[in-house]
Protein chains: 2
Amino acid sequence: MTVKQLELPALVDHCARLGIPAVGLWREPVAAYGLEAAAKLVRDAGLAVSSLCRGGFLTAADDEGRTRALADNRAAIDEAAALGTDTLVLVSGGLPAGSRDLVAARARIGEALAELAPYAGERGVRLAIEPLHPMFASDRCVVSTLDQALELAAPFPASQVGVVVDTYHVWWDDHAPAAVARAGATDRIHSFQLADWTTPLPEGVLNGRGQIGDGAVDMRAWRERVEATGWTGFIEVELFNDGLWARDGVEVLEETARRFASEVF
Amino acid sequence: MTVKQLELPALVDHCARLGIPAVGLWREPVAAYGLEAAAKLVRDAGLAVSSLCRGGFLTAADDEGRTRALADNRAAIDEAAALGTDTLVLVSGGLPAGSRDLVAARARIGEALAELAPYAGERGVRLAIEPLHPMFASDRCVVSTLDQALELAAPFPASQVGVVVDTYHVWWDDHAPAAVARAGATDRIHSFQLADWTTPLPEGVLNGRGQIGDGAVDMRAWRERVEATGWTGFIEVELFNDGLWARDGVEVLEETARRFASEVF
């Protein structure tokens, strides 16, 4: 998503050339390219697929919405398995239209996970609940903190349900370091993503994630915090940023790789 | 601030006419009108001043910035006393330029409070720490939750330092209800403010607070939650909203009073 202006073959080529060992994919460009073709493309280039984005949107209060969401998530799990990744990222969903009940919405996510977790486990796919920044709580994700995500994951085996640690969403939270330690100790860190916090935020706040090193997040401290739990895995850089998307994709990819080397390590 | 397009005399007139018993004032329009004149204007209309906004911005890391901030806050405390309000709202301040250290910034707020709290207490003014929504953590307020605000207030008598409960900033937080109960039990709810959460957020995210009833916040539940602690006080409506500011101020004030009656009670 950081360089969504690149077609899948160019993305894979340039990742391989730059020594980037893995790539996180999104369902839409994979579907457009063809699932099996995408899996082969990445595999032939010697890249791993670090995660697939995204399932989720599990807060519908009506039966039809709930059934549709479960079917879509099962499809996403199948796609993850076909791509050879062990991780499907879940964005949980916001409040249904007209609702003000965050507690009930979070409870419905737990109910949906009970349906999906065994299905994922049978296919070797881990569901990774991503807490989004509280500014998305009403319209995108009622799970706002790592504590909440871990609470939702707790009833299930870690091999089926865990969490995403994304610096953009949790950097401000003074409970996050303890939650990271707890998640690491229970093998529930299924994805670790980086984006920097920069202001002013753009209208709609979705596409203002900062390039690594440009903002308020201490990237090195976050990497050390996650790795201190014994976690080893791919670190993803996921930038939604209109400014980066308007630039040449290869240039942005190269810049991101340089920032990753200088700011994270 | 909800109707900042109204001059102070018109604001006071229309509040009195509508049966609104108190008004929260901001320092800038008070200074422009004259401190003593403003105090007399409000007093003569039979209105109370529910709070003065705002002091704070206490995160500077350099001596000069720190000295300037303390002097400005002492002036704000004096102004609050002159206006006859017992509450000065504090917006704590963001990260200093180039800093990524939220913990150190929060510690400096505590140090500044140690200087200011006795000064406020001697003048009958309570400092009210306002946690702002985490989307303001880098550039405006490193205090993002009621838990953090209560932790900063704890070393001081409740008659000197407490917190602001503003629905806009804390509605998403599942720890907030317990924090409200704790704050109420220790007499630390010094201000209770309402604004609704509406999306999409505007560029810069500052001026998109929703009119009561337009958004995701259950206003009645929040009032009941605060009042369940035994709290009695003025409830402020504080809307920063470009759309409301572009309309006729008297019309917005009347609409707000109607919404207050229908959505909060």
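Residues numbered from 1 in each chain as written. Chains lettered and ligands numbered in written order. Predicted model: local features only at pLDDT ≥ 70, side-chain atom pairs only at ≥ 80, totals over all residues. Heavy atoms only, no water.

Student: How do you make sense of the overall build of chain A when you look at a structure like this?
Tutor: Along chain A, the regular secondary structure elements total eleven helices and nine strands. Against the compact-globule benchmark of 18 Å for 265 residues, chain A has a radius of gyration of 17 Å, which places it among compact chains. Counting only C-alpha atoms and orienting by the principal axes, one finds that chain A spans roughly 45 × 40 × 40 Å. Across chain A, every contact between residues at least 6 apart in sequence was considered, and the portion connecting residues at least 24 apart equals 80%. Carbon and sulfur atoms form 51% of the exposed surface of chain A, whose accessible area is close to 10200 Å². Mean positive and mean negative side-chain charge positions of chain A (24 and 38 charges, respectively) differ by 1 Å. (Helix = DSSP H or I, 4+ residues; strand = E, 2+ residues; numbered from the N terminus. Rg over C-alpha atoms; globule rule 2.2 N^0.38 Å. Contact = heavy atoms within 4.5 Å. Areas by Shrake-Rupley, 256 points an atom, 1.4 Å probe, with all protein chains shown as cover. Lys, Arg positive; Asp, Glu negative; His and termini not counted. Charge placed at Lys NZ, Arg CZ, Asp CG, Glu CD.)

Student: Could you clarify how one ought to interpret the relation of the copies chain B and chain A in this entry?
Tutor: Here the two chain copies are tied together by a rotation about an axis and a shift along that axis. Placing chain B over chain A gives an RMSD of 0.0 Å and needs a rotation angle of 180°, together with 0.0 Å of translation along the axis. Read as a symmetry element, the transformation amounts to a two-fold axis. When C-alpha distances to the rotation axis are compared across chain B, the minimum falls at Glu203(B), with a value of 1.9 Å. Looking at chain B, 100% of its interface residues are interface residues in chain A too, so the copies touch through the same face. (Least-squares fit on C-alpha atoms with pLDDT ≥ 70 in both.)

Student: Teacher, can you tell me more about helix H9 (residues 219-227) of chain B here?
Tutor: Note on helix geometry: an α-helix contains 3.6 residues per turn, so any two residues three or four positions apart are oriented the same way. Among the residues of H9(B), Met219(B), Trp222(B), Arg223(B) and Val226(B) are the ones counted as buried. Viewed along the axis of H9(B), the buried residues span an arc of 100°, placing them on a single side of the element. (Buried < 20%, exposed > 50% of the residue type's maximum accessible area, 1.4 Å probe, protein only. Arc of directions from axis to C-beta.)

Student: Help me understand the UniProt feature "domain: Xylose isomerase-like TIM barrel" (unreviewed entry) in chain A in this model?
Tutor: Under the UniProt annotation, "domain: Xylose isomerase-like TIM barrel" (unreviewed entry) lies at residues 13-255 of chain A. Helix makes up 44% of residues 13-255 of chain A and strand makes up 17%, while its end C-alpha atoms are separated by 16 Å. (UniProt positions renumbered as here; feature names shortened; annotations may be inferred.)

Student: What should I look at first to understand the environment of His14(A) in this one?
Tutor: Residue and element names in this part refer to chain A. Here histidine 14 is to be found in helix H1 (residues 8-18). Note: C-alpha distance between histidine 14 and arginine 209 (195 residues apart in sequence) is 22 Å. Contacts of histidine 14, omitting those with residues within four sequence positions, involve Val250 and Leu253. In this structure the side chain of histidine 14 is engaged in a polar contact, spanning 2.8 Å, whose partner is the side chain of arginine 17. (Polar contact = N/O pair within 3.5 Å; in protein donor to acceptor, adjacent residues only side chain to side chain.)

Student: Looking at this structure, I do not really get the interface of chain B and chain A. What am I missing?
Tutor: Interfaces are often sized by the accessible area lost when the parts come together. Each partner contributes residues to the interface: chain B has 34 residues there, and chain A has 34 residues. Taken together, both faces of the contact between chain B and chain A bury some 2400 Å²; the carbon and sulfur share is 58%. At the surface where chain B touches chain A, the tally comes to zero salt bridges. Contributions of two or more residues to the side of chain B that touches chain A are made by helix H5 (102-122), helix H6 (146-153) and strand E7 (196-197) of chain B. Partitioned by chemical class, the residues of the side of chain B that touches chain A number 14 nonpolar, ten polar and ten charged. (Buried area = accessible area lost by both parts, 1.4 Å probe. Salt bridge = Lys/Arg side-chain N within 4 Å of Asp/Glu carboxyl O. Nonpolar A, V, L, I, M, F, W, Y, C, P; charged D, E, K, R; others polar.)

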